[in-house]
There are 2 protein chains.
Amino acid sequence: MKISTLSIGDELISGQVTDTNSGTIAAALLAEGLRVQRHLTVGDNEPDIMDALNDLAHVSEAVVVTGGLGPTVDDMTSRAAARATGRRLVIHDEARMHVRQMSGKLEMPISCPLSDKQAMIPTKSTLIPNPKGTACGFHLIHNGCFMFFMPGVPSEMIVMLRETVLPFISERVTHKRVIRTASLNVFGPGEPEVDELLLGIAKPDQGLSMGICVSYPWIRVTLRAEADSKDAVDELLASAVRTARERLDEYCFSLGEITLDDVVAELFRNAGLTLALAESCTGGLIAKRITDSAGSSRYFQQGVVTYSNEAKNRLLGVPTELLAAFGAVSAECASAMSRGVQSVSGSDLGLAVTGVAGPDGGSDEKPVGTVFISLASMESVRTERFQFHGSRDEIRTLTAWTALDWLRRYLLII
Amino acid sequence: MKISTLSIGDELISGQVTDTNSGTIAAALLAEGLRVQRHLTVGDNEPDIMDALNDLAHVSEAVVVTGGLGPTVDDMTSRAAARATGRRLVIHDEARMHVRQMSGKLEMPISCPLSDKQAMIPTKSTLIPNPKGTACGFHLIHNGCFMFFMPGVPSEMIVMLRETVLPFISERVTHKRVIRTASLNVFGPGEPEVDELLLGIAKPDQGLSMGICVSYPWIRVTLRAEADSKDAVDELLASAVRTARERLDEYCFSLGEITLDDVVAELFRNAGLTLALAESCTGGLIAKRITDSAGSSRYFQQGVVTYSNEAKNRLLGVPTELLAAFGAVSAECASAMSRGVQSVSGSDLGLAVTGVAGPDGGSDEKPVGTVFISLASMESVRTERFQFHGSRDEIRTLTAWTALDWLRRYLLII
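Thresholds, definitions, all that
- Residues numbered from 1 in each chain as written.
- Chains lettered and ligands numbered in written order.
- Predicted model: local features only at pLDDT ≥ 70, side-chain atom pairs only at ≥ 80, totals over all residues.
- Heavy atoms only, no water.
- Axes fitted to C-alpha atoms, helices over the stretch in contact; angles between N-to-C directions.
- Helix = DSSP H or I, 4+ residues; strand = E, 2+ residues; numbered from the N terminus.
- Left-handed = near helix turned anticlockwise from the far one by under 90°.
- Contact = heavy atoms within 4.5 Å.
- Nonpolar A, V, L, I, M, F, W, Y, C, P; charged D, E, K, R; others polar.
- Buried area = accessible area lost by both parts, 1.4 Å probe.
- Salt bridge = Lys/Arg side-chain N within 4 Å of Asp/Glu carboxyl O.
- Polar contact = N/O pair within 3.5 Å; in protein donor to acceptor, adjacent residues only side chain to side chain.
- Pairing = 2+ DSSP bridges.
- Expected span 1.5 Å × (residues − 1).
- Buried < 20%, exposed > 50% of the residue type's maximum accessible area, 1.4 Å probe, protein only.
- Parallel < 35°, antiparallel > 145°, perpendicular 65-115°, else oblique.
- Bend = angle between axes of the 7 residues up to and from the residue.
- Patch = residues over 30% accessible without salt bridge, like charges linked within 9 Å, V, L, I, M, F, W, Y side chains within 5 Å.
- Areas by Shrake-Rupley, 256 points an atom, 1.4 Å probe, with all protein chains shown as cover.
- Phe/Tyr/Trp six-rings, centres within 6.5 Å; stacked < 30°, edge-to-face > 60°.
- Lys, Arg positive; Asp, Glu negative; His and termini not counted.
- Charge placed at Lys NZ, Arg CZ, Asp CG, Glu CD.
- Domains from an automatic or database assignment.

### Here's the deal with the packing of helix α2 (residues 21-31) of chain B against helix α7 (residues 154-172) of chain B
All names here are of chain B. Here α2 crosses α7 at 30 degrees, and the two axes come no closer than 11 Å. In this structure, the crossing between α2 and α7 has a hand that is right-handed. Taken together, the residues of α7 that come into contact with α2 (itself represented by Asn 21, Thr 24, Ile 25, Ala 28 and Leu 29) are Pro 154, Met 157, Ile 158, Leu 161, Leu 166 and Ile 169. Grouping the constituent residues of the contact of α2 with α7 by class yields nine nonpolar, two polar and no charged.

### Details of the interface of chain B and chain A
Across the contact, 64 residues belong to chain B and 65 residues belong to chain A. Interface area for chain B against chain A, summed over the two sides, is near 5,000 Å², with a carbon-plus-sulfur share of 53%. When the area that chain B buries against chain A is broken down by residue, the three leading residues are Ile 13, Arg 38 and Tyr 307 of chain B, summing to 11%. At the surface where chain B touches chain A, the tally comes to four salt bridges. For Asp 292 of chain A, the salt bridge is made with Arg 396 of chain B, and the minimal N-O distance between the two is 2.8 Å. For the interface between chain B and chain A, the tally reads 29 residue pairs in polar contact (both at pLDDT 80 or more). Alignment of strand β2 (residues 36-42) of chain A against strand β2 (residues 36-42) of chain B, held across five bridges, turns out to be antiparallel.

### Quick notes on helix α14 (residues 331-345) of chain A
Residues and elements named next belong to chain A. Between the first and last C-alpha of α14 there are 21 Å, a value that for 15 residues agrees with the 21 Å anticipated at 1.5 Å per step. All buried positions along α14 are accounted for by Cys 333, Ala 334, Ala 336, Met 337, Ser 338, Gly 340, Val 341, Gln 342 and Ser 345. Directly beyond the C-terminal end of α14, a positive phi value near 70 degrees is found at Gly 346.

### Brief notes about the packing of helix α3 (residues 46-59) of chain A against helix α4 (residues 77-84) of chain A
All names here are of chain A. Two elements in contact, α3 and α4, have axes separated by 9 Å at closest approach and are oriented at 50 degrees. Of the possible angle classes, the one that applies to α3 and α4 is oblique. As for how α3 packs across α4, the hand of that crossing is right-handed. Of the residues in α4, those touching α3 at Glu 46, Ile 49, Met 50, Leu 53 and Asn 54 are Thr 77, Arg 79, Ala 80, Ala 81, Arg 83 and Ala 84.

### Points about the environment of Val 194 of chain A
Residue and element names in this part refer to chain A. Looking at the element boundaries, Val 194 is found in helix α8 (residues 191-197). Linking Val 194 and Ser 347, residues 153 residues apart in sequence, is a C-alpha distance of 36 Å. The residues touching Val 194, leaving out its near neighbours within four places in the chain, are Val 186, Pro 189, Ile 212, Ile 219, Val 221 and Leu 248.

### Some points on α7 of chain B
All names here are of chain B. Here α7 spans 25 Å end to end across 19 residues, near enough to the 27 Å set by a 1.5 Å rise per residue. Taking the largest bend as the criterion, α7 deviates by roughly 45 degrees, centred on Leu 161. Against β1 (3-8), α2, β3 (62-66), β6 (126-128), β7 (137-142) and β8 (145-150) lie the buried residues of α7.

### Looking at a nonpolar patch on the surface
Residues and elements named next belong to chain A. Taken together, Leu 412, Ile 413 and Ile 414 make up a surface patch of nonpolar side chains, about 350 Å² in accessible area. Looking at where Ile 414 falls in the secondary structure, it is placed in the segment after α15 (392-413). What makes Ile 414 exposed here is its relative accessible area of 53%.

### Topic: the packing of aromatic side chains
Taken as a whole and judged by the stated rule, the model has 22 aromatic pairs over all chains. Ring plane angle 70 degrees and centroid distance 6.2 Å describe the contact between Trp 218 of chain A and Phe 253 of chain A, whose orientation is recorded as edge-to-face. Highlighted residues: Trp 218 of chain A in strand β11 (residues 218-227) and Phe 253 of chain A in strand β12 (residues 252-255), separated in sequence by 35 residues. On the numbers, 5.6 Å between centres and 65 degrees between planes, the contact of Phe 300 of chain A with Tyr 307 of chain B is edge-to-face. Of this pair, Phe 300 of chain A sits in strand β14 (residues 300-306) while Tyr 307 of chain B is found in the loop between β14 (300-306) and α12 (309-316), placing the two residues in two different chains. The exposure class of Phe 300 of chain A is buried, given its relative accessible area of 1%.

### Remarks on a negative patch on the surface
A cluster of acidic residues, Glu 191, Glu 193, Asp 195 and Glu 196 of chain B, forms a negative patch at the surface. Tracing the backbone shows Glu 193 of chain B in helix α8 (residues 191-197).

### Considerations on the domain arrangement of chain A
All names here are of chain A. As assigned here, chain A comprises domain 1 (3-172), domain 2 (178-255) and domain 3 (260-413). Between the C-alpha centres of domain 2 and domain 3 there is a distance of 32 Å. Every contact between the two is made by nine residues of domain 2 and, on the other side, eleven residues of domain 3. Together, the buried faces of domain 2 and domain 3 total about 890 Å²; carbon and sulfur atoms form 66% of this surface.

Okay, structure coming up:
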């Protein structure tokens, strides 16, 4: 079935608000084995909405529309839908009752002309119940195309989509192909390197396709399998995921929606080790990411953000002579920081970063983007120099990613 | 000028990634007085891209396309553009040189067949320089419609948009209505309260409209003025901004793109005061935000993330008896933390937060969302209890916002 989505709203077409409904709908349809082919956005403007509906009805068998069903004058989807499909706009008794009941339930003031506006839907349409808000949705068939109209409020839309629209569409699709996707999350290599590592895994003629999406600074590889049966699709996908994991090896830090931070948290919980952090150029970003995980208090003991040399000396015991001889951005300082925070806190592991995030502070010898990362354990200290590129924000982000990936790799092999 | 945008990518049409480019482009065009009429999204599929280009060229005078210019096989925008407009795809010498130079600069491995792919553009096209990445953009004229093609990576796209596409379009538009927007950024009151405070400022019949957009946890109020001349629009907008600022008073922390963090940084630079942070529930988030600002090392001395009671005692001198008597989440502990970090670091100001971010750890007396914020200066300590609601992430975000807003208000009146 050829499916399109249409999002309506001035706030969307002007870039004030980012449309998330189209993505939600596409993902929900994909889980049913159905693909959206086109997505269109237009403003709250009657001719534009009418053109959009006519164009989409022409190329699609189903159109899922969101937005423009509100009570205010700038919501004009119902009228445009009626005109585009040659229908009249009439007050629908059931819809009127719904608007009144919901207005009472949601403790909203009932303003009669406005609430009647929300109860007006095109003739020859069927209501789509909205259990969470006043705006009723409706669906109709125009020139053989199923058209569904729902409000743009995401929390209302999603319930209506799940309860009415998806079952309706799903029932009418015969010979559905089963589609399943899986994704692998990768940190380290660039896009061309990942592409080369995974060469030949995609087999479009056998129903297996692959997409590589850079989600700075990591990369998501999505594998998509399509077949006639659930078993066939599961087998196809599992085998492709297995091969991709083997090829990506340690670059692949997780599958699906699991973040690098989730992986690090899980590894710490399992290892029973504790951690302390000493950050300079990342200024608390690594501690923030570690403590994003609920339950991090079990392994995370303390963090210090030592921006000044004096703080590095006082809080971490980095010798002032070392700072004078090598500078705060040096392997020597990074090692002293990681060793210092580990010993001061009595943690199993001490992780330290120091570097030049920019935009100022770089030199010929240590340009902006020079970063030292150091990990101290009971047995050893490992310190490495990195040269990152980009803005201050990008260098800080890359530093935090690299440091967290070090923790992951360390915890994986112990 | 009728303008459309087209975003291309399987990750977009499938709902895996939310498209932000179309919004960025629409907002940038709006600032030039130009409105986007239609936005379309399709997947990495040659027939779909060709159909989309043909349809949009039919209804628009300019089409701004993003995505599908990468080095991998699933990027097929250039080929589809060539076929849709009856051109051949050829290696462009300048583009090839650019790909090689950028690959070297970004330290990416040059894999010849791949990099040559990015250097192939349709004949009778003009390059759009990409100073930030390997993918070249290009523009061409098809049946009288200007078509611009840029990569989908937002940081690359935005530079190309600003440096090449916007000036090109702007030059060709005659009889523009002048549109200017201004925005006020608000923290504290909710949307209905802001709406009430600003009642009557919008005057649509005089060309002045207003939008309120919740950008959790703050609110952006956008005023938009439209008139025939630059002077008329500037006067209209300036007067509306003045009135809105007066009504919002201290709730308005900045105008335009200036963030709360920027404001705090500017106030610190001007005040010549230094700051130290002691964070518990925010786990480094406040330090991260303070050090996001380049030059923060001038006023930010150190931060500590004291998750454990032991760290609160050792690093900040919070007495163990106090912790035993009142608990770590208490006004007493927050005050001792702010006073402690201020005195240990020798800073002018010490800011401390302690609370229950959840999802566990709440009690009847101190439910999840209970947060104490404390600010110690040489003269005084001010500590306050807050009850926030939401997820762990939301509570941490609200805590950091409230703490930074405290700093702003404190620095404003000294």
